[in-house]
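Observations on the three-dimensional arrangement
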Amino acid sequence: MRIAIIGTGNVGNTLAVALAKAGHDVNLGSRDPHDAGDGPPVVDVATAVADSDVALLAVPPEAVDNLLTTHAGLFADTLIIDATNRFDGPVANASAAVAAAVPTARYARAFNTLGWENFAEPTIDGEQADLVFSCPLGDRAVLEELITAVGLRPAYVGENMQSVVDGALMLWFALVQANGGNRRLAFRILGV
Ligand SMILES: NC(=O)c1ccc[n+]([C@@H]2O[C@H](COP(=O)([O-])OP(=O)(O)OC[C@H]3O[C@@H](n4cnc5c(N)ncnc54)[C@H](OP(=O)(O)O)[C@@H]3O)[C@@H](O)[C@H]2O)c1
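Residues numbered from 1 in each chain as written. Predicted model: local features only at pLDDT ≥ 70, side-chain atom pairs only at ≥ 80, totals over all residues. Heavy atoms only, no water.

1. Section: the overall build of the protein
What counts, and what does not: Helix and strand labels come from DSSP, where a helix needs a run of H or I of at least four residues and a strand needs a run of E of at least two; each type is numbered from the N terminus. The reference for a compact globule is 2.2 Å times residues^0.38; the radius of gyration itself is calculated from the C-alpha atoms. Note on exposure labels: buried denotes an accessible area under 20% of the residue type's maximum, exposed denotes more than 50%, and partly exposed covers the range between, all computed with a 1.4 Å probe on protein chains only.
When its secondary structure is counted, the protein shows 8 helices and 10 strands. A globule of 192 residues ought to have a C-alpha radius of gyration of about 16 Å, and the protein, at 16 Å, matches this closely. Across its three principal directions, the C-alpha atoms of the protein cover 40 × 40 × 30 Å. Counting only residues that meet the buried cut, the protein has 48% of its 192 residues in that class.

As structure tokens, then:
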């Protein structure tokens, strides 16, 4: 799959390395394109999105609106995976911003309910962590492929269920806080 990951921070870089290692064609979209050595190429955002089937947003929430409106034409008809988390407003996800800026995009909510450390090392005590996600039914297999490629176990909660996914985000944060700030914890759903 040709994947653009926008944002070269903890989440973006960790997922890019994992997905490239699994054999996907990954470009990181950055405000600062540079030679990435042996890592996935770091190109400008427009180049990354133009060449992709899937675009994953891994930027700060306050950067999302500008990112989407600046590159709306390139994002058209793309599957957009939203990993951004906004904690200073009533809604953590960017689904409304995506719908407003890129009405033809398909929206998926994933890679936002666990700390990035668990994307780098998806196994805890010998068990694969689950990643809860939502997307159109037609894109479920794509998300399952990408989540599996990172080493996590996909847990689909249905179409347009970003608020449910964000509930899992809040649960994860509460568990971290209640366990002395331990970010190396994750969910395991039985029966899935
Ligand atoms: N940290 C976590 O464990 C975690 C887990 C799940 C989801 N999330 C969410 O995922 C997103 C990324 O988190 P992160 O921890 O990877 O953040 P981060 O380390 O701060 O990286 C964010 C990246 O976004 C890019 N960017 C684009 N516009 C920006 C702007 N205006 N200001 C700053 N950076 C900008 C930067 O890459 P360039 O300089 O290359 O453009 C930067 O490296 C956030 O929305 C966060 O809430 C975080």
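2. With respect to the packing of aromatic side chains
For any pair of aromatic rings, the description consists of the separation of the ring centres together with the inter-plane angle of the planes. Formally: Working definition: rings of Phe, Tyr and Trp (its six-membered ring) pair if their centres are within 6.5 Å, and the pair is stacked with planes under 30 degrees apart, edge-to-face with planes over 60 apart, and tilted otherwise.
Scanning all chains against the criterion turns up 4 aromatic pairs. Note on Phe 133 and Tyr 156: the rings are 5.2 Å apart at their centroids and 40 degrees apart in plane angle, and the pair reads as tilted. Here Phe 133 is found in strand 9 (residues 130-133), whereas its partner Tyr 156 is found in strand 10 (residues 153-156), with 23 residues between them in sequence. Take Phe 133: its relative accessible area is 0%, and that puts it in the buried class. Between the aromatic rings of Trp 172 and Phe 173, the centroid separation amounts to 5.2 Å while the plane-to-plane angle is 80 degrees, which identifies the pairing as edge-to-face. By relative accessible area, Phe 173 is classed as partly exposed at 25%. Three or more aromatic residues joined by ring pairs form one cluster here, namely Phe 87, Trp 172 and Phe 173.

3. Notes on the site of the ligand
Rules: Definition of nearness: a residue and a molecule or strand are near each other if at least one heavy atom of the residue lies within 4 Å of the molecule or strand. By the criterion applied in these results, polar contacts are pairs of N or O atoms within 3.5 Å in which, for protein atoms, one can donate a hydrogen and the other can accept it, and in which residues neighboring in sequence qualify only through two side-chain atoms. For every accessible area listed, the method is Shrake-Rupley and the probe measures 1.4 Å; residues are considered covered only by the protein chains on display. Each cavity reported here is a set of points on a 1 Å grid over the protein atoms alone in which a 1.4 Å probe fits but cannot get out, each pocket an open set with protein on both sides within 12 Å along at least five of seven lines, and each lining residue one with an atom within 4 Å of a point. Think of it this way: a molecule belongs to a cavity or pocket when more than half its atoms come within 2 Å of the grid points there.
Taken together, 21 residues form the shell around the ligand, and within it Thr 8, Val 11, Ser 30, Val 59 and Arg 183 come nearest. For the ligand, an oxygen atom lies 2.9 Å from a polar atom in the side chain of Arg 31. Within the backbone of Asn 85, an N or O atom sits 3.3 Å from an oxygen atom of the ligand. Taken by itself the ligand offers 880 Å² of open surface, and the protein chains cover 72% of this. Mapping the ligand onto the cavity grids shows that it belongs to the largest pocket.

4. Details of the UniProt feature "domain: Pyrroline-5-carboxylate reductase catalytic N-terminal" (unreviewed entry) in the protein
Applicable threshold: UniProt positions are given in the numbering used here, feature names are shortened, and annotations may be inferred rather than shown by experiment.
In the UniProt entry, the feature "domain: Pyrroline-5-carboxylate reductase catalytic N-terminal" (unreviewed entry) is given for residues 2-85. End C-alpha atoms of residues 2-85 are separated by 24 Å, and the span's content is 35% helix alongside 26% strand.

5. Examining unusual backbone geometry
Its identity is not glycine, yet Asp 77 carries a phi of approximately 65 degrees, on the positive side. Position of Asp 77 relative to the elements: it lies in the loop between helix 4 (72-75) and strand 5 (79-82). Within the chain, Asn 160 stands out as a residue other than glycine whose phi angle is a positive 55 degrees. For Asn 160, the location among the structural elements is in the loop between strand 10 and helix 8 (162-178).

6. What about the sheet that holds strand 5?
Using the following cut-off: Strands qualify as paired when DSSP identifies two bridges or more between them. A fitted line through C-alpha atoms serves as each axis, taken over the contacting stretch for helices, and the angle formed by two N-to-C directions is quoted from 0 to 180°.
Overall, parallel pairing links the 6 strands, which are arranged 3-2-1-4-5-6 in an open sheet. Unpaired on one side and paired on the other, strand 3 (42-44) and strand 6 (106-109) mark the two borders of the sheet. This sheet shows a mean twist of 30 degrees between the axes of neighbouring strands, independent of strand direction.

7. Observations concerning the side chain of Asn 27
To keep it simple, the criterion reads: When checking whether two residues touch, look at their non-hydrogen atoms; a contact exists if any pair is within 4.5 Å.
By the element assignment, Asn 27 lies in strand 2 (residues 25-30). Overall, Asn 27 belongs to the buried group, its relative accessible area being 15%. Setting aside residues up to four positions removed in sequence, Asn 27 forms contacts with Ile 3, Ala 4, Ile 5, Pro 41, Val 43 and Ala 48.

8. Let's talk about the pattern of salt bridges
The following threshold applies: Between Lys or Arg on one side and Asp or Glu on the other, a salt bridge is scored when a side-chain nitrogen of the former is within 4 Å of a carboxyl oxygen of the latter.
Summed over all chains, the structure comprises 9 salt bridges. The residue Asp 166 makes a salt bridge to Arg 109 at a minimum N-O spacing of 2.8 Å. Residue Asp 166 is found in helix 8, and its partner Arg 109 is found in strand 6; the two are separated by 57 residues along the sequence. This pair shows no difference in class: Asp 166 is buried, exactly as Arg 109 is. A salt bridge links Glu 117 to Arg 183, with the shortest nitrogen-to-oxygen separation between them at 2.6 Å. Note that Glu 117 is positioned in helix 6 (residues 117-120) and Arg 183 in the segment after helix 8, a separation of 66 residues in sequence. Given a relative accessible area of 29%, Arg 183 falls into the partly exposed group. Here the residues in one salt-bridge network are Asp 82, Arg 109 and Asp 166, joined through shared partners.

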